[in-house]
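# Examining the three-dimensional arrangement
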2 protein chains.
Amino acid sequence: MGSEHTAKAFDTDLQELTRLVAEMGGIAERMIVDSVDALIRRDVALGQRVVTIDADLDALQKKIEERAVLTIARRQPMAVDLREIVGAMRVATDLERIGDLAKNMGKRVAALETDFHPLKLFRGLEHMTDLVQQQVKSVLDAYAAHDLPAAMAVWKGDEEVDAICTSLFRELLTYMMEDPRNISFCIHLMFCAKNIERIGDHATNIAETVFYMIEGQAITDKRPKGDMTTFATTVPNT
Amino acid sequence: MGSEHTAKAFDTDLQELTRLVAEMGGIAERMIVDSVDALIRRDVALGQRVVTIDADLDALQKKIEERAVLTIARRQPMAVDLREIVGAMRVATDLERIGDLAKNMGKRVAALETDFHPLKLFRGLEHMTDLVQQQVKSVLDAYAAHDLPAAMAVWKGDEEVDAICTSLFRELLTYMMEDPRNISFCIHLMFCAKNIERIGDHATNIAETVFYMIEGQAITDKRPKGDMTTFATTVPNT
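Report on the accompanying structure. In this text, all values refer to a predicted model and were calculated from it rather than measured experimentally.

Reading the values: rules and limits
- Residue positions within a chain follow its written sequence, with the count starting from 1.
- As a convention, the first chain written is A and the first ligand written is 1, with the rest following in written order.
- Given that the model is predicted, a residue must reach a pLDDT of at least 70 before its local features are reported, and side-chain atom pairs must reach 80 or more before they are shown or counted; all residues, however, enter totals for whole chains, interfaces and linings.
- Excluded from the side-chain calculations are hydrogens and water; all other atoms, namely the structure's heavy atoms, are used.
- Buried residues of nine kinds, namely Ala, Val, Leu, Ile, Met, Phe, Trp, Tyr and Cys, make up a nonpolar core once their side-chain atoms join them within 4.5 Å.
- Per-residue accessibility, obtained with a 1.4 Å probe over protein chains only, is compared with the maximum for each type, and a residue is labelled buried under 20%, exposed over 50%, and partly exposed between these values.
- Whether two residues are in contact is decided by their heavy atoms: any pair within 4.5 Å suffices.
- Salt bridge, as applied in this entry: a Lys or Arg side-chain nitrogen positioned within 4 Å of an Asp or Glu carboxyl oxygen.
- Counting of polar contacts relies on pairs of N or O atoms within 3.5 Å, with two restrictions inside protein: one atom must be capable of donating a hydrogen and the other of accepting it, and residues adjacent in sequence are counted only when both atoms are side-chain atoms.
- Helix numbering and strand numbering both begin at the N terminus, where a helix is a DSSP run of H or I of at least 4 residues and a strand a DSSP run of E of at least 2.
- Stacked, tilted and edge-to-face are the three classes assigned to paired rings of Phe, Tyr and Trp, where Trp is represented by its six-membered ring and a pair needs centres within 6.5 Å; plane angles under 30 degrees give stacked, over 60 edge-to-face, the rest tilted.
- In this scheme, the term charge over a ring applies when either NZ of a lysine or CZ of an arginine sits within 6 Å of the ring centre and within 35 degrees of the ring normal.

Within the largest apolar cluster, 158 residues are counted, with the highest numbers of intra-cluster contacts made by Leu95, Leu125 and Met176 of chain A together with Leu95, Leu125 and Met176 of chain B. For Leu95 of chain A, the contacting residues outside a window of four places in its chain are Val21, Met24, Gly25, Ala28, Leu57, Leu140 and Ile206 of chain A.

Another point: the interface of chain B and chain A. By convention, interface size is frequently given as the accessible area that disappears when the constituent parts associate. Taken together, the contact pairs 41 residues of chain B with 41 residues of chain A. Inspection of the region where chain B meets chain A yields four salt bridges. Arg90 of chain A serves as the salt-bridge partner of Glu65 of chain B, at 2.4 Å between the closest nitrogen and oxygen. Linking chain B with chain A are six residue pairs in polar contact (both at pLDDT 80 or more), by the criterion used here. Broken down by secondary-structure element, the contributors of at least two residues to the side of chain B that touches chain A are helix H2 (44-75), helix H3 (79-108), helix H5 (148-178) and helix H6 (183-215) of chain B.

Turning our attention to the pattern of salt bridges. Think of it this way: side chains of opposite charge can pair up when their charged atoms draw near. Residue and element names in this part refer to chain B. Tallied over the full model, the rule gives 24 salt bridges over all chains. For the salt bridge of Glu23 with Arg19, the shortest nitrogen-to-oxygen distance reads 3.4 Å. One end of the pair, Glu23, and the other, Arg19, are both in helix H1 (residues 2-40), four residues apart, so they sit about a helical turn from each other. You can call Arg19 partly exposed: its relative accessible area is 43%.

The subject of this paragraph is the packing of aromatic side chains. Evaluation of the coordinates by the stated rule reveals five aromatic pairs over all chains. Measuring from centroid to centroid gives 6.1 Å for Phe122 of chain A and Phe185 of chain A, while their planes differ by 75 degrees, and the two rings are edge-to-face. Highlighted residues: Phe122 of chain A in helix H4 (residues 119-145) and Phe185 of chain A in helix H6 (residues 183-215), separated in sequence by 63 residues. With a centroid separation of 4.2 Å and 20 degrees between ring planes, the pair formed by Phe191 of chain A and Phe191 of chain B is classed as stacked. Here Phe191 of chain B lies in helix H6 and Phe191 of chain A lies in helix H6, a pairing that spans two chains. Each residue in the set Phe169 and Phe191 of chain A together with Phe169 and Phe191 of chain B is aromatic and connected to the rest through ring pairs, giving one cluster. Sitting over the ring of Tyr212 of chain B, Arg90 of chain B keeps its end group 4.2 Å from the ring centre.

Printed below as a string of structure tokens:
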């Protein structure tokens with residue numbers, strides 16, 4: 001009866017943790033979309049709202065960490081149960097970082113005061129964001145459903161995001177070469193593109209956490225890497 | 001006797017955790033210095049070594065998390081003891097991120113194939129790196145010694161780093177405006193400067209963890225922020 005009670009208490013704790021992670025996920029997804037929307041529509045107020053809301057995400061992460069630690073101390077879970085708790089902590093850490101990256105984009109909205117706005121550039125950023133937001137959504141669903149194949153699909157999909165980021169960087173470089181007045185604006189977009197690419201990396205981290213939770217070990221395959229922005233030296237001639 | 005045994009076992013666990021965090025700290029500090037050295041001396045092999053060593057840091061972080069969780073489950077520590085364990089996990093997370101940022105700089109070394117190398121630019125980067133490396137060193141010492149005033153000094157010192165980063169960004173912008181052939185090189189340096197600035201942010205995170213460990217609550221003051229790179233729209237005339 002005692003151990004049955006403990007098992008039930010553990011389940012309740014775990015459900016609460018999972019609920020908090022889902023809450024964080026909802027906020028983080030919203031922040032991604034809103035920060036890029038704010039950039040494209042130059043909506044400074046919306047950008048500021050993303051900056052403000054990040055504090056909620058930070059508070060939730062601390063709360064999850066606190067509850068997870070208490071659950072471990074009180075219920076002394078073993079094996080798969082323990083991995084569930086550690087998994088919740090890890091996912092919360094990645095979501096907190098996603099929030100930081102979106103917040104950084106939100107801050108940049110106020111800086112984009114220029115009339116130079118080639119639609120094509122924003123399309124690239126939007127396309128990247130759609131993909132990454134879908135990756136984040138899919139991996140959070142996979143986490144909630146303990147769906148390993150779905151998590152692995154996200155893990156593999158990161159390559160496409162990285163490829164788009166590299167091509168966007170090249171395009172931004174050409175605009176900078178063409179006219180120095182575009183430089184400042186393009187740099188902001190580069191940092192934003194890099195932020196979105198990093199959000200994608202966090203989605204793959206979460207996929208690795210799902211793997212660890214289900215399989216009980218770390219993933220050994222090397223993650224596919226399509227991002228070449230750190231290697232891009234040659235600038236297309238314009 | 002039983003509780004004395006538990007207390008002793010806990011102390012041993014905690015010492016081991018602290019030792020592992022110190023090991024991570026040593027590696028991370030080395031990576032910061034080496035990555036910037038590699039950039040300045042265009043030492044591709046050294047840059048590659050930084051990239052390679054990052055896997056050690058990741059493995060250590062996972063090991064610390066694992067041991068911390070086991071310690072919590074086995075010893076069921078309370079209050080200050082629990083905060084010590086949570087603190088070790090948090091510091092390990094920040095050190096792991098510092099490693100990622102240094103690794104990103106290491107990757108960029110191979111891309112800096114250009115003859116354009118104004119010494120002044122590198123001096124700015126070096127100066128920032130010296131400061132940040134000192135911040136990381138000081139905060140790790142403060143963590144090891146439970147020295148709250150020392151940790152708070154680091155926390156407040158971040159402002160200077162951010163100010164140097166902003167001024168370096170402005171300088172890089174002028175070089176880009178002057179000659180489009182400098183653009184690609186300067187963008188790499190901007191991303192590196194931003195990485196170093198973020199490493200400084202992680203040093204302040206660690207300072208906050210020291211505060212939490214000692215005071216038992218989160219720091220409430222807003223962190224001083226001198227980094228204006230996300231707001232920099234105006235480019236100095238050249």
